[in-house]
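# Residue-level structural notes
Each chain is listed here by its residues.
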Protein chains: 4
Amino acid sequence: TVVQLFKEIFKASLELQEDDHRKALLVSRKNKAEDTVVTIKGEKVGAGDLTHVFGPCAVESYEQVKEVAQAVKKQGGKLLRGGAYKPRTSPYDFQGLGLEGLKILKQVADEEGMAVISEIVNPADIETAVDYIDVIQIGARNMQNFELLKAAGSVKKPVLLKRGMSATISEFINAAEYIISRGNDQIILCERGIRTYEKATRNTLDISAVPILKQETHLPVMVDVTHSTGRRDLLLPTAKAAIAIGADGIMAEVHPDPAVALSDSAQQMDIPTFEKFIEEINKQQPVKA
Amino acid sequence: TVVQLFKEIFKASLELQEDDHRKALLVSRKNKAEDTVVTIKGEKVGAGDLTHVFGPCAVESYEQVKEVAQAVKKQGGKLLRGGAYKPRTSPYDFQGLGLEGLKILKQVADEEGMAVISEIVNPADIETAVDYIDVIQIGARNMQNFELLKAAGSVKKPVLLKRGMSATISEFINAAEYIISRGNDQIILCERGIRTYEKATRNTLDISAVPILKQETHLPVMVDVTHSTGRRDLLLPTAKAAIAIGADGIMAEVHPDPAVALSDSAQQMDIPTFEKFIEEINKQQPVKA
Amino acid sequence: TVVQLFKEIFKASLELQEDDHRKALLVSRKNKAEDTVVTIKGEKVGAGDLTHVFGPCAVESYEQVKEVAQAVKKQGGKLLRGGAYKPRTSPYDFQGLGLEGLKILKQVADEEGMAVISEIVNPADIETAVDYIDVIQIGARNMQNFELLKAAGSVKKPVLLKRGMSATISEFINAAEYIISRGNDQIILCERGIRTYEKATRNTLDISAVPILKQETHLPVMVDVTHSTGRRDLLLPTAKAAIAIGADGIMAEVHPDPAVALSDSAQQMDIPTFEKFIEEINKQQPVKA
Amino acid sequence: TVVQLFKEIFKASLELQEDDHRKALLVSRKNKAEDTVVTIKGEKVGAGDLTHVFGPCAVESYEQVKEVAQAVKKQGGKLLRGGAYKPRTSPYDFQGLGLEGLKILKQVADEEGMAVISEIVNPADIETAVDYIDVIQIGARNMQNFELLKAAGSVKKPVLLKRGMSATISEFINAAEYIISRGNDQIILCERGIRTYEKATRNTLDISAVPILKQETHLPVMVDVTHSTGRRDLLLPTAKAAIAIGADGIMAEVHPDPAVALSDSAQQMDIPTFEKFIEEINKQQPVKA
């Protein structure tokens, strides 16, 4: 009928406009068709090969970081993560070593020739942090801490931006836009599970977010299998799924002795488990777009 | 206090019993360690090779089903799906051809040497339906329609049980237990996405449910990529993820001309798209447990 | 700008059409402006006064039902609930007394001059059930069991339709439309909480659904405070909120001895608690539309 | 087995400790039985009478704030809200007037003898902000911005803490603990809806959070009806429900001309609507605990 035809035209016009809006975003693939490659001390993320990030949940001591770093390096890994400023639900939980933690990370990174990624939680810390770390991580709880996003956008350091606990994909993309709009396009997006009613896993890994983000933006996309599942037994299967669906890399937590870890002890891999994990995922080829 | 301590011990004992209870479930891997293989007209689901299910959302005509069946068969597929009884949100939407639809499915299946899967929505229809179809599908909206589960458990036909729209994994497993407890162990579980706040996809594919279900039960697990995503552009990437994580097969909708489909037109593949889809997923090897 | 103006016109046209569609629904207030009053053995639901429904979760014995009925009657209540067919997550949990339960309900109702409400779960049981009960309850798990809705729509008995566990308001309205489209307009809608990530309560009471349903439809709306909270300590406060927001009545579970109840023992009120509950809510006036 | 039994006893002991831990929380009612009263320029929140907060979403100009302030004052209101730092999903949306906005608020507050509440988003701004505003608001997106919480806990100003978009009640309580643990116990909790699958409202008002928070903590609890519903037609009914369930006050947005508001135009009340709103809710008595 004519009415329906009009309806279709209306709908198409609306979509066109929305489309234009999305095109205007600097992170949008419509704005820039080629993949952005984030370069971290020579390591290229998003260039076709898989690049993973491993390390302990929290930096606890030089020895702990060193041991993990060596294990990661032995498997060919260049990117080391470790939390110095830990956002914790309770004020009475271990809050991280702070600047001391960043210094440990830097020392190990220098000794091992690796790059380090660490979460920053206060805009005021960004300027100091860039002297110690190679990638600024913005955690899930801070995905809409816009002051922090602006601060991270104003420095010349790659940023790993995690999806918020209950952020829509559209909000996630807009959070990245806060960073790029300040002049920093070295952004890695990281899917880490969303909060749902299902409690068999810590969060629900939204695996289809990966191809959507790759389609809508030109940024590399990683998957944090540790926080999305919260279960050691699911790290390997979800990592395989993430690689198969086109992720540019995996993030997972490794600790020399998870049982005594100061945080997240139930979900970190010990070193032998990690070695088996890496061996398994190395069998998989990255997906060519 | 001592009282509290006792209370806690009681609670612990209760949990212990629950554990035992779970062990007692007939679908539980603790109860039976080996994988259950579901045999459908000689086709084995859960035996190590991938077995997929394709077909139109709804049976619309003999010609439509025939065309899809031939396309599926050409790609080596043996299992054909098609909805005859369609559960629709509005009473004014197309409700399916009913028994007429089952007859069309049976005719095509006989001609092509294929097996057919169709959803049954009324316990009273189960007895008639088994004369026409090879697998009874229980849809997401009926996962806790316990009368239907009991009826399906009382016949000698394989059942494909879909996860409810907001069912926990534990509720899903218990729904399967309703079927097996009546004597029918030929059950295929099917993850089809869960309802979350995220609206970029029709549902959120809970990919980690696959390894959990494989661990907790001895039943084969499929992934319905059509309903979990609701987006044609995500069918292939999510199918790859599902296979990589260990699914026993993929379910997806194929229609000769999706634009004129009487239901779900936005998410069905046309035949050329389907051929490309199958070619791509055939490159992947099933995951060995 | 002209573009924006066009956009607004487009949007308005779309909304107009959606509006028309909604107007066409038989349950819609656009279709019928006056409130529907559901009459149950002379008791009027939706006529301005509050009408509550109390009773045990499950019918366990004549004595149990009798005791609760007398307590409810003493407080002026006319509507008694009790489950005879119990949909339970596990097949090994108490499934209800079935027809025997309906007979107990009828006997008590006859003796006390009350009306009874009980859940029916199989379309095949509807015809028999109408001889025993005064209101057919369709439970949350069956809100989209369309065969059951059609069967309930085909008899001349009031229906109390509960919102599905994760049903949208729009799906809820469409489920009622299945009933009314078969000729039965004696429908009470019942909000009973929705499934969310929050686990402090069994479900999350979606209190704003009440005014939305009153606005969009002409049907009476009740609130089940027992299943929405799952906590005895929240029954009274949520009942007060439900009345204040305009609900036509409250549904809550009462048991002579909740600790030994065969189901839902943690959330039923014992009789003294019930008496205090009713005394408190009787202080509140119904909201005039 | 014995091993399992031991394991369970350990687990029980852990839970016991957690319980103790909760008891130990400074915000917990177990720690302090009496209600905390927050005093804002002589206005007492949580002392038994209802205290509401009204004002525009964003401070746009002196005239706009002045007009709303006078309307609020005319109705007996003392607490005025207005956003100067606006957290917005897109970096290209109006970000608020910043310090300029705080100055406008202060000027109006001084002229009208009112107290002002405004959101602060950067820990670095807290010290300056306290010179201009009477209550620091921590918004939903920053509920787990722990650096901001610590900063707010370190000053001598009341804090209005909003529940995070998908925060559990337990996380909300712990966020308040961050503030009180730094020495500031003048905290008002504010329920503002949680993110769920239901899209008929902007968020789902979790009304039962109010009695839970009143039970678990000694802090006053308000309900933001604007952000929980996102619909002007639901402001009044949800406010009534909130008061009936025991909230200490309502927060809602008022704008002289919502249609031209720079943010949230669809959900703010204009002044005549506000006057009718306040007249209606003034009929309700606060709930005595």
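Keep in mind that this is a model prediction, so the values were computed, not measured.

### What about the interface of chain A and chain B?
With 32 residues of chain A at the contact, the number on the chain B side is 32 residues. Across the chain A-chain B interface, the total number found is two salt bridges. In this structure, the salt-bridge partner of Arg163 of chain B is Glu198 of chain A, at a minimum N-O distance of 2.8 Å. Linking chain A with chain B are 10 residue pairs in polar contact (both at pLDDT 80 or more), by the criterion used here. Where the side of chain A that touches chain B is concerned, the elements lending two or more residues are helix H7 (209-216) and helix H9 (235-245) of chain A. Ranked by residue count, the leading element in the side of chain A that touches chain B is H9 of chain A, at six residues. Along the lines of polarity and charge, the residues of the side of chain A that touches chain B split into 16 nonpolar, nine polar and seven charged.

### Topic: the domain arrangement of chain A
Residues and elements named next belong to chain A. By domain assignment, chain A separates into domain 1 (1-33) and domain 2 (34-281). Taken together, the contact pairs eight residues of domain 1 with 15 residues of domain 2. Of the roughly 1,100 Å² buried between domain 1 and domain 2 on both sides combined, carbon and sulfur atoms contribute 48%. For the domain 1 face of the interface with domain 2, the top three residues by lost area are Val27, Arg29 and Lys32, together amounting to 61%. In this structure, the connection of domain 1 to domain 2 is made through one salt bridge.

### Examining the relation of the copies chain A and chain B
Superposing chain A onto chain B takes a rotation of 180 degrees combined with a translation of 0.0 Å along the rotation axis, leaving an RMSD of 0.0 Å. What the rotation and shift describe, once combined, is the action of a two-fold rotation axis. For chain A, the minimum C-alpha distance to the rotation axis belongs to Ala241 of chain A and amounts to 2.1 Å. Both copies share a contact surface, since 100% of the interface residues of chain A are interface residues in chain B too.

### Description of the sheet that holds strand S5 (residues 115-119) of chain B
The pairing of strands in a sheet happens through backbone hydrogen bonds and is either parallel or antiparallel. Residues and elements named next belong to chain B. Read around the closed barrel, the eight strands follow the order S3-S4-S5-S6-S7-S8-S9-S10; overall the barrel is parallel. Put simply, the sheet's adjacent strands are angled 25 degrees from each other on average, direction ignored. Pairing analysis gives three bridges linking S5 to strand S6 (residues 135-138), with the strands arranged parallel. By the bridge assignment for S6, Glu119 is matched with Gln137. Contacting strand S8 (187-191) and strand S9 (221-224), helix H7 (residues 209-216) crosses the sheet at an angle of about 160 degrees to S9.

### Overview of the packing of helix H6 (residues 169-180) of chain C against helix H7 (residues 209-216) of chain C
All names here are of chain C. At a minimum axis separation of 11 Å, H6 and H7 run at an interaxial angle of 45 degrees. In terms of orientation, H6 and H7 fall into the oblique class. Between H6 and H7 the crossing geometry is right-handed. Contacts from Ile169, Phe172 and Ile173 of H6 reach H7 at Ala209, Ile212, Leu213 and Glu216.

### A few points about the sheet that holds strand S9 (residues 221-224) of chain C
Residue and element names in this part refer to chain C. Taken together, the eight strands give a closed barrel; going around it, the order is S3-S4-S5-S6-S7-S8-S9-S10, and neighbouring strands pair in parallel fashion. Averaged over all adjacent pairs, the angle separating strand axes in this sheet is 25 degrees, with direction ignored. Lying over the sheet, helix H2 (residues 62-74) contacts strand S3 (53-55) and strand S4 (79-81), oriented at roughly 150 degrees with respect to S4.

### Brief notes about the packing of helix H9 (residues 235-244) of chain D against helix H10 (residues 271-281) of chain D
Residue and element names in this part refer to chain D. Closest axis-to-axis distance for the H9/H10 pair is 10 Å, and the angle between their directions is 25 degrees. By the criterion of interaxial angle, the relationship of H9 to H10 is roughly parallel. Crossing handedness for the pair H9 and H10: right-handed. Packed against H9, whose contacting residues are Leu235, Leu236, Ala239, Lys240 and Ile243, the element H10 presents Phe277, Glu280 and Ile281 at the interface.

### So, the pairing of strand S8 (residues 187-191) of chain C
All names here are of chain C. In terms of burial, S8 is largely enclosed, as five of its five residues are buried. Here S8 shows a buried face lined by Ile187, Leu189 and Glu191 and a second buried face lined by Ile188 and Cys190. The pairing of strand S7 (residues 159-162) with S8 spans four bridges and is parallel. For Lys162, the partnering residue across the bridge sits in S8 and is Cys190. Looking at chain direction, S8 and S9 are connected through three bridges and run parallel. When the bridges of S9 are listed, Leu189 appears paired with Val221. Remark: the S8/H7/S9 crossover connection has right-handed handedness.

### Some details on unusual backbone geometry
Residue and element names in this part refer to chain B. Even without being glycine, Lys41 reaches a positive phi, approximately 45 degrees. The residue Lys41 is located in the loop between strand S1 (38-40) and strand S2 (43-45) in this model. Here Lys41 falls in the partly exposed class, since its relative accessible area comes to 47%.

### Considering the pairing of strand S10 (residues 249-253) of chain C
A regular strand places its side chains on the two faces of the sheet in alternate fashion. Residues and elements named next belong to chain C. A large share of S10 lies buried, amounting to five of its five residues. A two-sided burial pattern is seen for S10, the buried positions comprising Gly249, Met251 and Glu253 on one face and Ile250 and Ala252 on the other. Bridging between S3 and S10 involves three bridges; their strand directions are parallel. By the bridge assignment for S10, Gly55 is matched with Glu253. Bridging between S9 and S10 involves three bridges; their strand directions are parallel. When the sheet's bridge partners are listed, Asp224 is paired in S10 with Met251.

### As for the pattern of salt bridges
For the structure on display, the rule yields 76 salt bridges over all chains. Salt-bridge contacts for Arg29 of chain C lead to Asp35 of chain C; the nearest nitrogen and oxygen are separated by 2.7 Å. Given the relative accessible area of 22%, Arg29 of chain C is considered partly exposed. Because the salt bridges share partners, they merge into one network encompassing Lys66, Lys73, Glu111 and Glu112 of chain A.

### Some points on the side chain of His218 of chain B
All names here are of chain B. In this structure, His218 sits in the loop between H7 and S9. Its relative accessible area of 2% is what places His218 among the buried residues. Within the structure, the side chain of His218 is placed 2.8 Å from the backbone oxygen of Leu26, a separation counted as a polar contact. Apart from the residues within four sequence positions on either side, His218 is in contact with Leu26, Val27, Ser28, Arg29, Lys32, Glu34, Asp35, Thr36 and Ile180.

### Some words on the environment of Glu111 of chain A
All names here are of chain A. When you line up the elements, Glu111 lands in helix H3 (residues 99-112). Separated by 42 residues in sequence, Glu111 and Ala69 have C-alpha atoms that sit 9.9 Å apart. Apart from residues lying up to four places away in sequence, Glu111 is in contact with Tyr62 and Lys66.

Cut-offs and rules
Residues numbered from 1 in each chain as written. Chains lettered and ligands numbered in written order. Predicted model: local features only at pLDDT ≥ 70, side-chain atom pairs only at ≥ 80, totals over all residues. Heavy atoms only, no water. Contact = heavy atoms within 4.5 Å. Salt bridge = Lys/Arg side-chain N within 4 Å of Asp/Glu carboxyl O. Polar contact = N/O pair within 3.5 Å; in protein donor to acceptor, adjacent residues only side chain to side chain. Helix = DSSP H or I, 4+ residues; strand = E, 2+ residues; numbered from the N terminus. Nonpolar A, V, L, I, M, F, W, Y, C, P; charged D, E, K, R; others polar. Domains from an automatic or database assignment. Buried area = accessible area lost by both parts, 1.4 Å probe. Least-squares fit on C-alpha atoms with pLDDT ≥ 70 in both. Pairing = 2+ DSSP bridges. Axes fitted to C-alpha atoms, helices over the stretch in contact; angles between N-to-C directions. Parallel < 35°, antiparallel > 145°, perpendicular 65-115°, else oblique. Left-handed = near helix turned anticlockwise from the far one by under 90°. Buried < 20%, exposed > 50% of the residue type's maximum accessible area, 1.4 Å probe, protein only. Right-handed = clockwise from strand over helix to strand, strands pointing away.

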